[in-house]
Amino acid sequence: MRVILLGPPGAGKGTQAARLAAKLGVPQVATGDILRMARASDSALGRKVAGYMDRGDLVPDELVNEVALDRLRQKDAARGFVLDGYPRTIDQAKTLQSFLDDKGTKLDAVIKFMVTKDEIVKRLSGRRVCPKCNTVYHMIADPPENDEICDFDGTPLVQREDDKEEAVARRLVEYGAQTRPLYDLYENEAPFIEIDAMGSSDEVFDRLTKALGTLT
Ligand code: ADP
Ligand code: AMP
């Protein structure tokens, strides 16, 4: 299955993408995770994108398109993927469409996560991540067993630079200006499904799998 998860930052896309990808047996492809890994390894790409990411700006299309398509060309994505955080602009959506057309494949579903602004702020302000294994926690909704320490490797958790107030504000503006227009684009394309993303992670996953189940 080839699925795109769309929604504002903090809507819970990454949380659900990981669960859905495991259930479907396809990779989760998250451009944010790939870019953060590039930064952590201090690669040339990582150095190019660091400033954009920390400010809460989108990384330029040509860089992100290359990163995303490189990942989608890998063998494990041939049978399907759950895209999380890509595409985020019309240019990226068009690039993805040409890639799928060239392969003679198409999207099975585009999912839009619906969540209130108050909830976004709560989710982003409470998000903590393990800098070593990338596990995502929430200090209230999904805390680690021991205070601010990763359950899996004991590494102290950190707050993402772009989850701080100023960057969050910029990311929400970027989302409105650049990503929202994708809804119009996809509304007339392959099954476009709106999911109520409020409530617990289990409740959202249940809605997501039920909605996708109707397609199979
Ligand atoms: P996105 O990938 O859309 O930016 P994440 O999946 O990283 O969002 O979720 C943002 C934060 O909200 C994380 O701290 C995560 O643990 C938390 N979260 C995810 N889903 C829920 C939910 N259904 N209820 C409460 N918190 C959630
Ligand atoms: P995310 O983990 O999806 O919240 O992404 C974190 C940051 O990585 C974003 O705020 C952007 O700076 C960058 N990024 C990730 N995916 C994209 C994308 N598709 N287009 C542009 N920038 C991206």
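Residues numbered from 1 in each chain as written. Chains lettered and ligands numbered in written order. Predicted model: local features only at pLDDT ≥ 70, side-chain atom pairs only at ≥ 80, totals over all residues. Heavy atoms only, no water.

Caption draft 1: Local environment of the sheet that holds strand β1 (residues 2–6). The strand order across the open sheet built from five strands is β2-β3-β1-β4-β7, with neighbouring strands paired in parallel fashion. Each having just a single partner strand, β2 (28–30) and β7 (192–196) make up the two edges of the open sheet. Sheet twist, expressed as the average angle between the axes of neighbouring strands with direction ignored, equals 25°. Bridging between β1 and strand β3 (residues 81–84) involves four bridges; their strand directions are parallel. Within the sheet, the bridge partner assigned to Val 3 lies in β3 and is Val 82. In the packing of helix α1 (residues 13–24) onto the sheet, contacts are made with β1, β2, β3 and β4 (109–114), and the angle to β3 comes to roughly 175°. (Pairing = 2+ DSSP bridges. Helix = DSSP H or I, 4+ residues; strand = E, 2+ residues; numbered from the N terminus. Axes fitted to C-alpha atoms, helices over the stretch in contact; angles between N-to-C directions. Contact = heavy atoms within 4.5 Å.)

Caption draft 2: Highlighting the state of the cysteines. All told, the structure shown has zero disulfides when counted by the stated rule. With no disulfide of its own, Cys 150 lies 3.7 Å from the sulfur of Cys 133, the closest cysteine sulfur. (Disulfide = S-S within 2.5 Å.)

Caption draft 3: Spatial organisation of the environment of Asp 54. In this structure, Asp 54 sits in helix α3 (residues 44–55). Exposure remark for Asp 54: the relative accessible area of 30% places this residue in the partly exposed category. Beyond its immediate chain neighbours, meaning those up to four positions away, Asp 54 contacts Arg 39, Glu 161, Asp 162 and Ala 167. A distance of 2.7 Å separates a polar atom in the side chain of Asp 54 from a polar atom in the side chain of Arg 39. (Buried < 20%, exposed > 50% of the residue type's maximum accessible area, 1.4 Å probe, protein only. Polar contact = N/O pair within 3.5 Å; in protein donor to acceptor, adjacent residues only side chain to side chain.)

Caption draft 4: Broad picture of the packing of aromatic side chains. If you walk through the whole model with that rule in mind, you get one aromatic pair. Ring geometry for Tyr 183 against Phe 192: centres 6.2 Å apart, planes inclined by 65°, an arrangement best described as edge-to-face. Assigned by exposure class, Tyr 183 and Phe 192 land together as buried. Arg 55 extends its terminal NZ or CZ atom over the ring of Tyr 52, reaching a point 5.5 Å from the ring centre. Sitting over the ring of Tyr 183, Lys 112 keeps its end group 4.2 Å from the ring centre. (Phe/Tyr/Trp six-rings, centres within 6.5 Å; stacked < 30°, edge-to-face > 60°. Lys NZ or Arg CZ within 6 Å of the ring centre and 35° of its normal.)

Caption draft 5: Geometry of the site of ligand 2. The environment of ligand 2 is formed by 16 residues, the closest being Thr 31, Arg 36, Asp 57, Gly 85 and Gln 92. Taking Arg 36, its side chain carries an N or O atom lying 2.9 Å from an oxygen atom of ligand 2. Measuring from an oxygen atom of ligand 2, one finds a side-chain N or O atom of Arg 160 at 3.0 Å. Relative to its unbound accessible surface of 490 Å², ligand 2 loses 95% to contact with the protein. (Near = heavy atom within 4 Å. Areas by Shrake-Rupley, 256 points an atom, 1.4 Å probe, with all protein chains shown as cover.)

Caption draft 6: Structural context of the packing of α1 against helix α9 (residues 201–213). At their nearest, the axes of α1 and α9 sit 10 Å apart, and the two run at 50° to each other. Here α1 is positioned oblique relative to α9, judged by the angle of their axes. Here the hand of the crossing between α1 and α9 comes out right-handed. Contacts between α1 and α9 pair Thr 15, Gln 16, Arg 19, Leu 20 and Lys 23 from the former with Ser 201, Asp 202, Val 204, Phe 205, Leu 208, Thr 209 and Leu 212 from the latter. A breakdown of the residues in the contact of α1 with α9 according to their chemical character gives five nonpolar, four polar and three charged. (Parallel < 35°, antiparallel > 145°, perpendicular 65-115°, else oblique. Left-handed = near helix turned anticlockwise from the far one by under 90°. Nonpolar A, V, L, I, M, F, W, Y, C, P; charged D, E, K, R; others polar.)

Caption draft 7: Local environment of the pairing of β3. The alternating pattern of β3 places Phe 81 and Leu 83 on one face and Val 82 and Asp 84 on the opposite face, and all of these are buried. By the bridge criterion, three bridges tie β2 to β3 in an arrangement that is parallel. Residue Ala 30 lies in a different strand from β3, and its bridge partner there is Asp 84.

Caption draft 8: Structural context of the nonpolar core. Counting residues in hydrophobic clusters, the biggest one holds 28 residues, and the most contacted among them are Ile 4, Leu 72, Leu 83, Leu 96, Leu 107 and Tyr 186. Taken together, the elements giving at least two residues each to this core come down to β1, α3, α4 (61–72), β3, α5 (90–103) and α8 (181–187). Broken down by element, the residue count for this core peaks at six residues, all from α4. With residues near it in sequence (within four places) discarded, Leu 107 still touches Arg 2, Ile 4, Phe 81, Leu 100, Tyr 186 and Ala 190. (Core = buried A, V, L, I, M, F, W, Y, C linked by side-chain atoms within 4.5 Å.)

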